[in-house]
Amino acid sequence: MNEHGKEMLDAIMRAMEIEKETFDFYTRAEHKTFNPEGKRIFRWLARTEEQHYLKLNELYQSLHEGGRWVFYGGSTVSLDPAGPGEKQVAFDTDDRQALEIAMEIEKKGIAHFEELMEKTADPQGKSMLRALRDEEAEHLRLVTEKYNALQR
């Protein structure tokens, strides 16, 4: 394997670590909050990060064994609808802090996937990384929206 291949594997391994750390954070945030809306959002975020981790693991194995990128068509985890009578946004202070941390985590994830996209010339690889980056951007949008609603 050439130096560029090793560098890409290292970068994918780092992306896997980020996804694992993010999953752990969102799982802790889900268990910490008593707000049903917060639980729902954090649970969804954790499940999508778990899918990202699994897909990156598959990619790592495929690149390591045969130098092939894998297809990623996007997350299949849908956000559960709000429960009946559930307030759309009513996070407490701890949830606000969790949202602030989540925004920073998602920004780092976006930057990392953009960096990986720049490092590969493979069209399928760029497509996969773009899909992952776009999902992280959607997470950031959602978390920012919830955070901004608290500021009103």
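Residues numbered from 1 in each chain as written. Predicted model: local features only at pLDDT ≥ 70, side-chain atom pairs only at ≥ 80, totals over all residues. Heavy atoms only, no water.

Visitor: How should I be thinking about the side chain of Arg133 in this particular structure?
Guide: Position of Arg133 relative to the elements: it lies in helix H4 (residues 123-151). Judged by its relative accessible area of 17%, Arg133 falls in the buried class. Not counting residues up to four positions away in its chain, the partners in contact with Arg133 are Ile110, Phe113, Glu114 and Met117. (Helix = DSSP H or I, 4+ residues; strand = E, 2+ residues; numbered from the N terminus. Buried < 20%, exposed > 50% of the residue type's maximum accessible area, 1.4 Å probe, protein only. Contact = heavy atoms within 4.5 Å.)

Visitor: Looking at this model, I keep getting lost on the packing of aromatic side chains. Mind explaining?
Guide: The relative placement of two aromatic rings is captured by the distance of their centres and the angle of their planes. Summed over all chains, the structure comprises two aromatic pairs. The interplanar angle of 25 degrees and the centroid separation of 6.2 Å between the aromatic rings of Tyr26 and Phe42 together place this pair among those described as stacked. Of the two residues, Tyr26 is situated in helix H1 (residues 3-32) and Phe42 in helix H2 (residues 36-66); the sequence distance between them amounts to 16 residues. Here Tyr26 falls in the buried class, since its relative accessible area comes to 0%. The exposure class assigned to Phe42 is buried, which follows from its relative accessible area of 1%. (Phe/Tyr/Trp six-rings, centres within 6.5 Å; stacked < 30°, edge-to-face > 60°.)

Visitor: Just checking my understanding: could you explain the nonpolar core for this structure?
Guide: Considering soluble globular proteins, one finds that nonpolar side chains tend to be buried as a cluster. In terms of nonpolar packing, the biggest core is built from 20 residues, with Ile12, Leu56 and Leu59 touching the most fellow members. At the level of elements, H1, H2, helix H3 (93-119) and H4 are the ones that each hand at least two residues to this core. Per element, the largest residue contribution to this core is six residues, and it comes from H1. (Core = buried A, V, L, I, M, F, W, Y, C linked by side-chain atoms within 4.5 Å.)

Visitor: What's the story with the confidence of the model for the protein in this structure? I'm lost.
Guide: Low pLDDT means the predicted atomic positions in that stretch should not be read closely. Per-chain confidence: the protein averages 83 in pLDDT, with 85% of residues scoring 70 or above. Counting interchain partners and residues more than four positions distant, the pLDDT-below-50 stretch residues 86-93 has 20 contacts. (pLDDT = per-residue confidence, 0-100.)

Visitor: Explanation requested: H4 in the structure shown.
Guide: An α-helix turns once per 3.6 residues; consequently, residues spaced three or four apart project the same way. The terminal C-alpha atoms of H4 lie 41 Å apart, and with 29 residues this matches the ideal 42 Å at 1.5 Å per residue to within 8%. Measuring from the side-chain oxygen of the N-cap residue of H4 to the backbone nitrogen of Gln124 gives 2.9 Å; that N-cap residue is Asp122. (Expected span 1.5 Å × (residues − 1). Polar contact = N/O pair within 3.5 Å; in protein donor to acceptor, adjacent residues only side chain to side chain.)

Visitor: Help me understand the packing of H2 against H4 in this model?
Guide: Think of two packed helices as two axes; the pair is described by the angle between the axes and how far apart they sit. Taken N-terminus to C-terminus, the directions of H2 and H4 make an angle of 165 degrees; their axes are 12 Å apart at the nearest point. Comparing their axes, H4 and H2 come out roughly antiparallel. Seen from above, H2 lies across H4 with left-handed handedness. Between H2 and H4, the residues in contact are Glu37, Ile41, Trp44, Leu45, Thr48, Glu49, His52, Lys55, Leu56 and Leu59 and Met128, Leu132, Glu135, Glu136, His139, Leu142, Val143 and Lys146, respectively. (Axes fitted to C-alpha atoms, helices over the stretch in contact; angles between N-to-C directions. Parallel < 35°, antiparallel > 145°, perpendicular 65-115°, else oblique. Left-handed = near helix turned anticlockwise from the far one by under 90°.)

Visitor: Could you clarify how one ought to interpret the packing of H1 against H2 in this entry?
Guide: H2 packs onto H1 with a crossing angle of 160 degrees between their chain directions and a minimal axis gap of 8 Å. With respect to each other, H1 and H2 are oriented roughly antiparallel. Taken as a pair, H1 and H2 cross one another with a handedness that is left-handed. Here the contact of H1 with H2 is built from residues that sort into 17 nonpolar, six polar and seven charged. (Nonpolar A, V, L, I, M, F, W, Y, C, P; charged D, E, K, R; others polar.)

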